[in-house]
Amino acid sequence: MSQPLCLENLPRTVELERDGDGRPRLAYIDQRRLPGELAFERTGDWRAVVGAVKSLAVRGAPALGIVGAAAVALWAGNVGAGSPTAGGCWEIPPSFFAELGRVADEVADARPTAVNLAWGVRRLERLAHALAGGAAAPRALADELYDEVKRMEAEDEAVNRAIGAHGAKLLAPGSRILTHCNAGSLGTAFFGTALGIVYAAAAQGKVERVYADETRPVGQGARLTAWELSRANVPCTLICDNMAASLMASGRVDAVLVGADRIAANGDAANKIGTYGVAVLARHHGIPFYVAAPTSTIDPTLPDGSGIPIEERDPAEVLPAPIPGVEVWNPAFDVTPASLITRIVTERGVFEPGKLVY
Ligand code: MRU
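Parameters and conventions
Residues numbered from 1 in each chain as written. Predicted model: local features only at pLDDT ≥ 70, side-chain atom pairs only at ≥ 80, totals over all residues. UniProt positions renumbered as here; feature names shortened; annotations may be inferred. Helix = DSSP H or I, 4+ residues; strand = E, 2+ residues; numbered from the N terminus. Rg over C-alpha atoms; globule rule 2.2 N^0.38 Å. Buried ≥ 20, exposed ≤ 12 C-beta atoms within 10 Å, placed from the backbone. Contact = placed C-beta atoms within 7 Å. Near = placed C-beta within 6 Å. Nonpolar A, V, L, I, M, F, W, Y, C, P; charged D, E, K, R; others polar. Domains from an automatic or database assignment. Pairing = 2+ DSSP bridges. Expected span 1.5 Å × (residues − 1). Arc of directions from axis to C-beta. Axes fitted to C-alpha atoms, helices over the stretch in contact; angles between N-to-C directions.

If you check an unreviewed UniProt entry, the protein appears there as Methylthioribose-1-phosphate isomerase from Gordonibacter pamelaeae. Under the heading Pathway (unreviewed entry), UniProt records this for the protein: "Amino-acid biosynthesis; L-methionine biosynthesis via salvage pathway; L-methionine from S-methyl-5-thio-alpha-D-ribose 1-phosphate: step 1/6." According to its UniProt record, the protein has this under Sequence similarities (unreviewed entry): "Belongs to the EIF-2B alpha/beta/delta subunits family. MtnA subfamily."

Shown next as structure tokens:
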């Protein structure tokens, strides 16, 4: 008999907190060390957060939105702490907003594809400007930014639970689901998007099994999705990416559920490299292909997916020991055309790709 769903076993992925002296710091799971070790890192240094984003210690679009915002809050916390003025008067230094702009740009540019990163950074930047208009002192401003990140963490979980509730309605009892990459709790503050639907449906007894693509080259499926499904007691079978076609042909997939890093206004959706191929396979086999993401992943400035910037990563992720004369192409994402997407699930409901409400 299968074990009951156990979400209590899933740790929170990212959390802004205060150290013993009241200074803000970001606690995050170093996902490079999973599945072997569940290790939490803690830092009060915004540049270290940028490093964690670039190295994929923290990854997944919604989680990137929160840590991007947290990096800005950490920077502001240090400025606020270091600027007492003569006579006990606290003022925002004249250089504050120029420096804020530089910091915000550096954080937002740490990775290009997931629009959530810039979304989180700009949300904090806008708030800082609004608060300064109200003549906030640096310390008060830093505290407000800290509180905003805490609100974003809570919002993220609520949004994911809403995605889960909407998406679970799409699944029939006994569903066998294929997923690609990790759009789970580890890619968010908590609960996950595509796996949020799995968790909501599993709580209703609808999930028979999740098939996790290993997701070359970094192995988010093998290392992260398999790990978190195992922790939550969701039956999971790991497959190599090149097995998805055979699995579908054998009749063992009822639905595909994936996350997204950026969705254009027409519903074209960027997600981890290989997602597009899975969508083509799903269409060929008549299997519904669902994309789950918060509205913060929608980029209304892009009419279609052709303008989505695709991150290219270090060739060493594909070929650890170089071979003379061999070049490596290592795009981290691809764009699935809206025409291959059955429905997009957001916190607002279930939408045809071309009729997104955001
Ligand atoms: O390179 P990554 O690991 O950040 O890529 C992550 C993905 O593609 C996820 O599917 C997406 O961000 C959704 S996470 C809820």
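Now that the structure has been shown, the text picks up again.
The helix and strand tally for the protein stands at 9 helices and 14 strands. The C-alpha atoms of the protein give a radius of gyration of 21 Å, which matches the 21 Å a tight globule of 358 residues would have. Expressed as lengths along the three principal axes of its C-alpha atoms, the size of the protein is roughly 75 × 55 × 40 Å. For the protein, with 358 residues in total, the buried portion stands at 50%. For the protein, long-range pairs separated by at least 24 residues make up 77% of all intrachain contacts whose partners lie at least 6 apart in sequence.

As a structural note, the neighbourhood of the ligand is formed by 18 residues, with Arg59, Gly60, Gly187, Gly259 and Lys272 the closest of them. Mapped onto the shell around the ligand, the elements with two or more residues apiece are α2 (61-81) and β9 (269-272). Taken together, the residues that form the shell around the ligand break down as 7 nonpolar, 8 polar and 3 charged. Per-domain counts for the shell around the ligand show at least three residues from each of domain 1 (7-160) and domain 2 (164-355).

It is worth spelling out the pairing of strand β12 (residues 333-336) at this point. Side chains Phe333 and Val335 of β12 all project onto a buried face; the interleaved residues Asp334 and Thr336 project onto the opposite face, where all are buried too. Of the strand pairs in this sheet, β9 and β12 are connected by 4 bridges, and their pairing is antiparallel. Within β12, the residue paired with Lys272 across the bridge is Phe333.

This part takes up helix α6 (residues 194-203). Here α6 lies mainly inside the structure; 9 of its 10 residues are buried. Restricting attention to buried positions, one finds in α6 the residues Ala194, Leu195, Gly196, Ile197, Val198, Tyr199, Ala200, Ala201 and Ala202. Gly205 sits one or two positions beyond α6 and adopts a positive phi of about 75 degrees.

Domain assignment breaks the protein into domain 1 (7-160) and domain 2 (164-355). Contact residues are listed per partner, giving 30 residues for domain 1 and 36 residues for domain 2. Looking at the side of domain 1 that touches domain 2, the elements that each hand over two or more residues are α2, α4 (115-133) and α5 (138-168). Grouping the amino acids of the side of domain 1 that touches domain 2 by side-chain chemistry returns 16 nonpolar, 8 polar and 6 charged.

The feature "site: Transition state stabilizer" (unreviewed entry), as annotated in UniProt, sits at Cys181 in this numbering. Relative to the helices and strands, Cys181 is located in the loop between β4 (175-179) and α6. With residues near it in sequence (within four places) discarded, Cys181 still touches Thr215, Gln220, Gly221, Val258, Gly259, Asn271 and Lys272.

Further remarks concern the environment of Asp304. One can find Asp304 in the loop between β11 (298-299) and β12. On the basis of neighbour count, Asp304 is assigned to the partly exposed category, with 14 C-beta atoms found within 10 Å. Residues Asp304 and Tyr28, 276 residues apart in the sequence, show an inter-C-alpha distance of 33 Å.

Of the pairings in the sheet, the one linking strand β8 (residues 262-264) to β9 comprises 2 bridges and is antiparallel in character. Note on β9: the bridge partner recorded for Ile263 is Ala269. What sits between the antiparallel neighbours β8 and β9 is a turn of 4 residues, in which Gly267 has the positive phi angle 100 degrees.

Right, let's talk about the UniProt feature "active site" (unreviewed entry) in the protein for a bit. Mapped onto the present numbering, the UniProt feature "active site" (unreviewed entry) falls at Asp261. For Asp261, the position within the fold is in the loop between β7 (255-258) and β8.

This part is about helix α3 (residues 96-108). Relative to the 18 Å expected for 13 residues at 1.5 Å per residue, α3 spans 18 Å between its end C-alpha atoms, a close match to the ideal helical length. All buried positions along α3 are accounted for by Leu100, Val103, Ala104, Val107 and Ala108. Projected onto a plane normal to the axis of α3, the buried residues spread over an arc of 125 degrees and lie on a single side. Relative to its buried face, α3 has exposed residues pointing more than 90 degrees away, namely Ala98, Arg102 and Asp105.

Turning next to the sheet that holds β9. In space, the 4 strands of this open sheet follow the order β11-β8-β9-β12, with mixed pairing throughout. What marks the edges here is a single partner per strand, and that holds for β11 and β12. Those strands touched by helix α9 (residues 275-285) are β9 and β12, and its axis lies near 35 degrees from that of β12.

By secondary structure assignment, the location of Val291 is in strand β10 (residues 289-292). A tally of 31 C-beta atoms within 10 Å means that Val291 is categorised as buried. As a C-alpha pair, Val291 and Thr336 span 45 residues in sequence and 9.8 Å in three-dimensional space. In this structure, Val291 is in contact with Val258, Ala260, Ala269, Ile341 and Ile344, ignoring residues within four places of it in sequence.

Here we take up the environment of Thr342. Mapped onto the fold, Thr342 is located in the loop between β12 and β13 (343-346). The partly exposed category is assigned to Thr342, around which 18 C-beta atoms lie within 10 Å. Ignoring anything within four residues of it in the chain, the contact list for Thr342 reads Pro288, Phe289 and Tyr290.

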